[in-house]
Amino acid sequence: MTVPSYPLGDPSASRLAESLLAFWADGGVDAMLLDEAVDRIEAGRILPPVRPAPAAPPPAAGRASAGQPDVSAAVAQAQALAAAAGDLDALVAAIAGFEGCPLRYEGAATQPVVYRGDPRAPLMVIGEGPGTDEDIQGQPFVGRAGKLLDRMLGAAGVSDRVLITNTVFWRPPGNRTPTPAEQAICAPFLERIIALVQPRMLLMVGAASAKSLLKQEDGILKLRGRWFDWRSADGTLELPSLPTLHPAFLLRQPGAKKNAWKDLLTLTERLDRPDRPL
Ligand code: URA
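Reading guide: rules and limits
- Residues numbered from 1 in each chain as written.
- Predicted model: local features only at pLDDT ≥ 70, side-chain atom pairs only at ≥ 80, totals over all residues.
- Heavy atoms only, no water.
- Phe/Tyr/Trp six-rings, centres within 6.5 Å; stacked < 30°, edge-to-face > 60°.
- Helix = DSSP H or I, 4+ residues; strand = E, 2+ residues; numbered from the N terminus.
- Lys NZ or Arg CZ within 6 Å of the ring centre and 35° of its normal.
- Buried < 20%, exposed > 50% of the residue type's maximum accessible area, 1.4 Å probe, protein only.
- 1 Å grid on protein atoms, 1.4 Å probe; cavity = no way out; pocket = protein on both sides within 12 Å on 5 of 7 lines; lining within 4 Å.
- Points joined across faces, edges and corners; volume = space filled by probe spheres on them.
- Nonpolar A, V, L, I, M, F, W, Y, C, P; charged D, E, K, R; others polar.
- Axes fitted to C-alpha atoms, helices over the stretch in contact; angles between N-to-C directions.
- Parallel < 35°, antiparallel > 145°, perpendicular 65-115°, else oblique.
- Left-handed = near helix turned anticlockwise from the far one by under 90°.
- Contact = heavy atoms within 4.5 Å.
- pLDDT = per-residue confidence, 0-100.
- Near = heavy atom within 4 Å.
- Polar contact = N/O pair within 3.5 Å; in protein donor to acceptor, adjacent residues only side chain to side chain.
- Areas by Shrake-Rupley, 256 points an atom, 1.4 Å probe, with all protein chains shown as cover.
- Sits in = over half its atoms within 2 Å of the grid points.
- Salt bridge = Lys/Arg side-chain N within 4 Å of Asp/Glu carboxyl O.

S.K.: Help me out: how do you make sense of the packing of aromatic side chains in this one?
M.R.: Inspection of the entire model under this criterion finds 1 aromatic pair. Judged by centre distance (5.1 Å) and plane angle (70 degrees), the ring pair of Phe 98 and Phe 189 falls under edge-to-face. Placement of Phe 98 in the loop between helix 4 (88–97) and helix 5 (103–106) and of Phe 189 in helix 8 (residues 180–197) is noted, with a sequence separation of 91 residues between them. Taking NZ or CZ as reference, Arg 270 lies 4.5 Å from the ring centre of Trp 227, over its face.

Structure representation (structure tokens):
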């Protein structure tokens with residue numbers, strides 16, 4: 001196909017662009033993505049609106065300077081807010097008021113998405129980040145992938161013993177994978193959820209969750225089905241953790257469901273019979 005070229009400002013070009021966009025929108029396209037996620041914090045293109053202390057001293061050498069995004073300031077602010085939250089309701093309110101995560105201003109159309117399920121659950125499922133349906137409904141895993149996740153958890157007999165959350169609490173634009181910086185900024189809140197709920201074990205669904213929480217470089221196909229020890233940043237919590245395949249991946253690759261099922265059996269074996277040696 002030959003793409004016509006127009007001189008700058010030619011109204012025919014805008015008409016062509018409009019009609020092309022309408023064509024894509026009719027076909028269900030609602031976002032434009034680059035091949036690789038852009039880490040806008042690292043790129044310094046978006047300044048997370050972390051409120052600086054009133055008379056902040058000049059930044060030390062090597063630290064982010066004024067006007068530069070400062071991930072460590074956002075993390076410190078998240079840590080302080082998370083530590084002050086005495087229960088899940090307070091934590092949800094703290095996340096809703098937190099302005100340090102750029103996703104809040106980029107991908108989230110409506111609201112933060114924090115958790116659903118039993119606040120006393122022995123099992124915590126951690127996905128990567130909310131998608132479009134989650135952003136609209138304010139709950140994690142409520143879209144197509146979430147429905148599959150629910151069926152899997154139901155088949156494994158753990159539906160009523162689970163709390164579901166994500167590594168980030170706002171929808172990344174175009175449902176892209178959250179960046180390590182975005183995950184680092186949200187991590188104090190996630191750790192606080194874990195500390196408040198005190199689950200017996202974690203199920204990490206998908207590479208973005210497993211790699212960031214377990215600090216692993218391997219892909220999910222290598223990590224899945226193996227037990228790891230997750231440790232909180234302050235070293236006070238340690239939990240057995242099992243990475244598995246993301247339900248969105250299973251929707252695209254149904255042949256991989258048998259591996260996910262194997263992982264769930266590994267999980268329930270330990271959940272239901274904690275004293276049995278592995
Ligand atoms: N995928 C995720 O990782 N989390 C959600 O909440 C929804 C889809």
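S.K.: In this structure, what is going on with unusual backbone geometry? I would like to understand it.
M.R.: Peptide bonds are trans in most cases, and residues, glycine excluded, mostly fall at negative phi. The residue Asn 175 is not glycine, and still its phi comes out positive at about 60 degrees. Following the sequence through the fold, Asn 175 ends up in the loop between strand 3 (162–166) and helix 8. A relative accessible area of 38% places Asn 175 in the partly exposed class. Notably, Gln 198 is not glycine yet its phi reads approximately 55 degrees, a positive angle. Within the element layout of this structure, Gln 198 appears in the loop between helix 8 and strand 4 (201–205).

S.K.: How should the layout of surface pockets be read in this particular structure?
M.R.: In this approach, a probe sized like a water molecule rolls over the atoms, and the result shows the empty space that is left. One number sums up the size of the largest pocket: a volume of about 910 Å³. Looking at the largest pocket, it is lined by 34 residues, and the ones nearest its centre are Gln 183, Ala 187, Ser 212, Leu 213 and Lys 215. Looking at the lining of the largest pocket, the elements that each hand over two or more residues are helix 3 (71–84), helix 8, helix 9 (207–214) and strand 5 (228–231). Per element, the largest residue contribution to the lining of the largest pocket is 10 residues, and it comes from helix 8. For the lining of the largest pocket, the class distribution of residues is 18 nonpolar, 8 polar and 8 charged. By volume, the second largest pocket is sized at about 690 Å³. Lining the second largest pocket are 24 residues, with Ala 145, Asn 175, His 246, Ala 248 and Arg 252 positioned closest to its centre. Elements that contribute at least two residues to the lining of the second largest pocket include exactly helix 6 (132–137), helix 7 (144–155) and helix 11 (247–252). At 4 residues, the largest contribution of residues to the lining of the second largest pocket is made by helix 11.

S.K.: Explain the packing of helix 7 against helix 12 (residues 257–272) to me, please; I cannot follow it from the model alone.
M.R.: Think of two packed helices as two axes; the pair is described by the angle between the axes and how far apart they sit. Remark: helix 7 packs on helix 12, axes separated minimally by 10 Å, with the N-to-C direction vectors making an angle of 45 degrees. Between helix 7 and helix 12, the crossing angle belongs to the class labelled oblique. Both helix 7 and helix 12 take part in a crossing whose hand is right-handed. Where helix 7 approaches helix 12, its residues Leu 148, Met 152, Leu 153 and Ala 155 are matched on the opposing element by Lys 257, Ala 260, Trp 261 and Leu 264. In the contact of helix 7 with helix 12, the residues fall into 7 nonpolar, no polar and 1 charged.

S.K.: What should I look at first to understand the confidence of the model for the chain in this one?
M.R.: Regions with low pLDDT carry predicted coordinates that are not meant to be interpreted in detail. Averaged over every residue, the pLDDT of the chain is 86; the share at 70 or more is 74%. Ignoring residues within four places in sequence, the model shows residues 52–68, a span with pLDDT below 50, making 9 contacts including any to other chains.

S.K.: How should the site of the ligand be read in this particular structure?
M.R.: Neighbouring the ligand are the residues Gly 127, Glu 128, Gly 129, Pro 130, Glu 134, Pro 140, Phe 141, Asn 166 and His 246. His 246 places a polar side-chain atom, nitrogen or oxygen, 2.8 Å from an oxygen atom of the ligand. Burial of the ligand by the surrounding chains reaches 92%, relative to a free accessible area of 240 Å². Its atoms largely coinciding with the cavity grid, the ligand occupies the second largest pocket. Taken together, the residues that form the shell around the ligand break down as 3 nonpolar, 4 polar and 2 charged.

S.K.: Just to check I follow, could you spell out the pattern of salt bridges for this structure?
M.R.: Under the criterion given, the structure shown has 6 salt bridges. A salt bridge links Arg 176 to Glu 106; its shortest N-O distance comes to 3.5 Å. Taken as a pair, Arg 176 in the loop between strand 3 and helix 8 and Glu 106 in helix 5 lie far apart in primary sequence, 70 residues in all. Between Asp 150 and Arg 116 there is a salt bridge whose closest N-O contact spans 2.9 Å. Here Arg 116 lies in strand 1 (residues 116–117) and Asp 150 lies in helix 7, a separation of 34 residues in the sequence. Under the relative-accessibility criterion, Asp 150 is labelled partly exposed at 33%.

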